[in-house]
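# An overview of the molecular structure
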Amino acid sequence: MLSLLALLSSPDAQAKDLRGHLAIGFENQLSGMPALSAKYAFPTTQSQLNAQLQVVAGWSVEPNADNQSFFGARGLYGVVAEDNLSLLVGAGLGYARSGGSAAFRVEPLMSAEFFLFGLENLGLTLQWGLQLDLGSSGTAFRSIGSGAAIGAHYWF
């Protein structure tokens, strides 16, 4: 009876309010390699609405391998907001260079960002999506089928 009373008196869930906040971290999906990332959550009229802009940059310079670099951006929009979880959908655009070839990348995606109890400013992300590369060497199409790509951002 006591547990039923506690359940009935629990407060409504409030979404993590990221409006107007900036995050710095890493991700490896849009770039296809570990890359630095910055996110900004736009101010909206409701805390449940979550609209973000993300900028991603990564590079790899190795003596005996093809050099790689990437720069891109994407927009994310929250479709589900819970206490410690945001489910977002979005699209990204980028420029990837590997060795002597370059490509323009287009990517639709879905992302889940988790906030662990006690670490409310650290967002851990899992991302799924498709990548379409349009380049001088042809068109390439990839899905992230072997599992979700990961990322982590600290929100200020």
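Preceding block: the structure.
Notes on the structure in this doc start here.

Analysis parameters
- Residues numbered from 1 in each chain as written.
- Predicted model: local features only at pLDDT ≥ 70, side-chain atom pairs only at ≥ 80, totals over all residues.
- Heavy atoms only, no water.
- Phe/Tyr/Trp six-rings, centres within 6.5 Å; stacked < 30°, edge-to-face > 60°.
- Buried < 20%, exposed > 50% of the residue type's maximum accessible area, 1.4 Å probe, protein only.
- Helix = DSSP H or I, 4+ residues; strand = E, 2+ residues; numbered from the N terminus.
- Contact = heavy atoms within 4.5 Å.
- Patch = residues over 30% accessible without salt bridge, like charges linked within 9 Å, V, L, I, M, F, W, Y side chains within 5 Å.
- Areas by Shrake-Rupley, 256 points an atom, 1.4 Å probe, with all protein chains shown as cover.
- Salt bridge = Lys/Arg side-chain N within 4 Å of Asp/Glu carboxyl O.

## Comments concerning the packing of aromatic side chains
Under the criterion given, the structure shown has two aromatic pairs. When the ring of Tyr40 is compared with that of Phe42, the centres are 5.3 Å apart and the planes differ by 90°; the resulting orientation is edge-to-face. Plain terms: the ring middles of Tyr154 and Phe156 are 5.1 Å apart, the flat faces sit at 70° to each other, and that makes the pair edge-to-face. Accessibility expressed as a relative area gives 38% for Tyr154, which makes it partly exposed. The class of Phe156 is exposed, set by a relative accessible area of 56%.

## Some points on the environment of Phe71
Tracing the chain through its elements places Phe71 in strand β4 (residues 68-82). Classification of Phe71 as exposed rests on a relative accessible area of 52%. Each C-alpha atom of the pair Phe71 and Gly58 lies 6.6 Å from the other, and the pair is 13 residues apart in sequence. Ignoring anything within four residues of it in the chain, the contact list for Phe71 reads Val55, Val56, Ala57, Gly94 and Tyr95.

## Describing a nonpolar patch on the surface
There is a patch of nonpolar side chains on the surface, built from Leu22, Ile24, Tyr40, Phe42, Leu53, Val55, Phe71, Tyr154 and Phe156 and spanning about 830 Å² of accessible area. Among the secondary structure elements, those contributing two or more residues to the nonpolar patch are β1 (22-27) and β3 (51-60). Counting through the fold element by element, Tyr40 comes out in strand β2 (residues 35-41).

## Considering the environment of Ser98
The topology assignment puts Ser98 in strand β5 (residues 85-98). According to the relative accessible area criterion, Ser98 is partly exposed, its value standing at 31%. Considering only alpha carbons, one finds Ser98 and Ala65, 33 residues apart in sequence, at a separation of 9.9 Å. What Ser98 contacts, discounting residues up to four positions off in sequence, is Asp66, Asn67 and Gln68.

## Focus on the pattern of salt bridges
Scanning all chains against the criterion turns up four salt bridges. As a salt-bridge pair, Arg74 and Glu27 come within 3.1 Å of each other at their nearest N and O atoms. Of this pair, Arg74 sits in strand β4 while Glu27 is found in strand β1, placing the two residues 47 residues apart along the sequence. Of the two residues, Arg74 and Glu27, neither departs from the other in class, the shared state being buried. Across the pair Arg74 and Glu107 runs a salt bridge whose closest N-O atoms are separated by 3.0 Å. Of the two residues, Arg74 sits in strand β4 while Glu107 sits in strand β6 (residues 101-115), which places them 33 residues apart along the sequence. In this pair, the class of Arg74 matches that of Glu107, namely buried.

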